[in-house]
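The primary structure of each chain is shown beneath.
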Amino acid sequence: MKTITKKIKLALVLCLGLTITALNAQTTHIVNNNAGTAVDFTDLQAAIDAAANGDIIHVQQSSTSYGNVTLNKELTIIGRSHSDASYSSSIGTLELVEGCSNSVIKGLEIQSISDPFNPAGTFPLIEDVVIQDNKISDMQNFGVYRTFNNILMQGNIIGSFSTGANTSNFLITNNIFTSSFLSFGMVDTLLFSNNIISSSIGISISNNTPDLLNISNSMFISDRFNDVSVSFSSSTGTFLITNCLTYNYDANYNFATGSNITISNSQENIDPLFTFRDGSPGSIGTAQQFNPVLDDLMLQAGSPFINDGIYEAYNFKPLGTPAGLPSLKIDSYDPTVPKNSDLTVTITAKTN
């Protein structure tokens, strides 16, 4: 991170919103619903409707949600962050429908991701979708009305979550789940790895198939005054829990046992030694919450966990600032200056 201080003429203060498209065939659109801004669109759905397949849409920070949107094209939609104070981009429901294959969604606070009812009664194919670095309150019944193939969910903070039977090649990795219930309707080509499941009351995992659900390299974290457990439910399916860890900051946290459950090379009631855990209500392990500002889930040297958790092979972004995108923040400036004089602005540049 580099902090610089410059003297900028008043006429040039607002010249930071440049759009660079010279090296790409795609068109980049800027969406900003803040009053007084001169951008391509103020409405996100209007930007999606006007965009062509392959275009990029940047959603600027705003205290006002951009509302519900339907994605029916091959687009890259990038928000500023999901939790950085005054620099977040939020939307309501994101509907993924036919035409959105090969899309990327990142850096957004999303109320829900929906596979909406399909009145045609068919199961159209949507594939090669990346959902990355978002905060998603609700993502249920994904793959009920459409067929989803080659889906990557990585680096997100996710609340309620369930999948239907019409999913395949589903990679769920490097995420934080804050729900007490996870349900899977397809597990044969599902990989669930390097996630943190943070629920103060424990977690129930449902395998709604006759196949094996493999959960690996994940941590189950709680802060509860009484004992909690990782429980498993399935009528005919089985579970393999490999290289996982449980820890309750106030009592015990154990894996349930059963004839359809195999626990391999895993640890119970072992402190993972996060770099910093706030510990107050809203921090990791409490009331289905995670504090992205205060909780640092990097593992300390000497951690008993055998890999790097959510940071294993990925640069997890607690605030949801998309990796690989530079950003600028104005940290301070002179509120008033004499006429025709310089305005001193301090800008922090981050490479993310």
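These remarks concern the structure in this document. Given the structure is predicted, the values throughout are model-derived calculations rather than measurements.

### Observations concerning the pairing of strand 6 (residues 90–96)
Line of reasoning, step 1. Here strand 6 lies mainly inside the structure; five of its seven residues are buried.
Line of reasoning, step 2. Bridge count between strand 6 and strand 8 (residues 109–114): five bridges; the pairing is parallel. By the bridge assignment, isoleucine 91 is partnered in strand 8 with isoleucine 110.

### Re the sheet that holds strand 19 (residues 212–216)
Line of reasoning, step 1. One open sheet accounts for 11 strands, arranged 2-3-5-7-9-11-13-16-19-22-25; its pairing is parallel. Looking at which strands have only one partner, the edges of the open sheet turn out to be strand 2 (28–31) and strand 25 (261–264). Within the sheet, the average angular offset between the axes of one strand and its neighbour, ignoring direction, is 15 degrees.

### Some thoughts on a nonpolar patch on the surface
Line of reasoning, step 1. A cluster of nonpolar side chains, contributed by Phe276, Val293 and Leu294, occupies part of the molecular surface with about 290 Å² of accessible area.
Line of reasoning, step 2. For valine 293, the location among the structural elements is in the loop between strand 26 (274–276) and strand 27 (296–299).

### Describing the packing of aromatic side chains
Line of reasoning, step 1. Inspection of the entire model under this criterion finds 11 aromatic pairs.
Line of reasoning, step 2. Measuring from ring centre to ring centre gives 5.8 Å for phenylalanine 142 and phenylalanine 170, while their planes differ by 45 degrees; the resulting arrangement is tilted. With phenylalanine 142 in strand 10 (residues 135–142) and phenylalanine 170 in strand 13 (residues 167–173), this pair connects stretches of sequence that are 28 residues apart.
Line of reasoning, step 3. On the basis of relative accessible area, phenylalanine 170 is assigned to the buried category, the value being 1%.

### Describing the pattern of salt bridges
Line of reasoning, step 1. In this structure the tally under the stated criterion is three salt bridges.
Line of reasoning, step 2. A salt bridge links arginine 146 to glutamate 98; the nearest nitrogen and oxygen atoms lie 2.8 Å apart. Note that arginine 146 is positioned in the loop between strand 10 and strand 11 (147–154) and glutamate 98 in the loop between strand 6 and strand 7 (104–106), a separation of 48 residues in sequence.
Line of reasoning, step 3. Take arginine 146: its relative accessible area is 4%, and that puts it in the buried class.
Line of reasoning, step 4. A salt bridge links arginine 277 to aspartate 223, with the shortest nitrogen-to-oxygen separation between them at 2.3 Å. Within this pair, whereas arginine 277 is found in the loop between strand 26 and strand 27, its partner aspartate 223 is found in the loop between strand 20 (219–222) and strand 21 (228–233), the two being separated by 54 residues in sequence.
Line of reasoning, step 5. For arginine 277, a relative accessible area of 17% translates into the label buried.
Line of reasoning, step 6. For aspartate 223, a relative accessible area of 16% translates into the label buried.
Line of reasoning, step 7. What you see here is one network of salt bridges that share partners, running through Glu98, Asp115 and Arg146.

Cut-offs used in this document
Residues numbered from 1 in each chain as written. Predicted model: local features only at pLDDT ≥ 70, side-chain atom pairs only at ≥ 80, totals over all residues. Heavy atoms only, no water. Buried < 20%, exposed > 50% of the residue type's maximum accessible area, 1.4 Å probe, protein only. Helix = DSSP H or I, 4+ residues; strand = E, 2+ residues; numbered from the N terminus. Pairing = 2+ DSSP bridges. Axes fitted to C-alpha atoms, helices over the stretch in contact; angles between N-to-C directions. Patch = residues over 30% accessible without salt bridge, like charges linked within 9 Å, V, L, I, M, F, W, Y side chains within 5 Å. Areas by Shrake-Rupley, 256 points an atom, 1.4 Å probe, with all protein chains shown as cover. Salt bridge = Lys/Arg side-chain N within 4 Å of Asp/Glu carboxyl O. Phe/Tyr/Trp six-rings, centres within 6.5 Å; stacked < 30°, edge-to-face > 60°.

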